[in-house]
Amino acid sequence: QVQLAESGGGLVQAGGSLRLSCATSVSIVSFNVMAWYRQAPDRQRELVATITSGGITSYGNAVAGRFAISRDNAKNTVYLHMNNLKPEDTAVYYCYTNHRSRDYWGQGTQVTVAS
């Protein structure tokens, strides 16, 4: 059973930084792709960033140039480094992967950016 656990959310002022972590219950090298999504109140869940097992990354247009995704295989953890945060980044952030044709989500971590 795959379990994902996010941490690192909180309240930050606009222009500040946060680092989110997603710890996995199984070896991270088992996953071809891992991703971060976010969902703001009354909005659809949107893709923030992805990273492949080979380290190839991609980003949503709203965060490109400000956020960076990385992975530490030894710690079975994926990170989301968020810089120059804006109030519109306020959302619950979720870690996601697909393993053996099943989708897995973490419980989410709240990020609130104050103006």
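Above this text is the structure in question.
Described in the following lines is the structure provided in the data block. (Residues numbered from 1 in each chain as written. Predicted model: local features only at pLDDT ≥ 70, side-chain atom pairs only at ≥ 80, totals over all residues. Heavy atoms only, no water.)

**With respect to the pattern of salt bridges**
On inspection of all chains with the given rule, the structure shows 3 salt bridges. Glu46 is the salt-bridge partner of Arg38, the closest N and O atoms lying 2.6 Å from each other. Judged by its relative accessible area of 30%, Glu46 is partly exposed. Across the salt bridge formed by Arg38 and Asp89, the nearest N and O atoms sit 2.9 Å from each other. One end of the pair, Arg38, is in strand β4 (residues 33-39); the other, Asp89, is in the loop between β8 (77-82) and β9 (91-99), and 51 residues separate them in sequence. Residues joined in a network through salt bridges with shared partners are Arg38, Glu46, Arg66 and Asp89. (Salt bridge = Lys/Arg side-chain N within 4 Å of Asp/Glu carboxyl O. Buried < 20%, exposed > 50% of the residue type's maximum accessible area, 1.4 Å probe, protein only. Helix = DSSP H or I, 4+ residues; strand = E, 2+ residues; numbered from the N terminus.)

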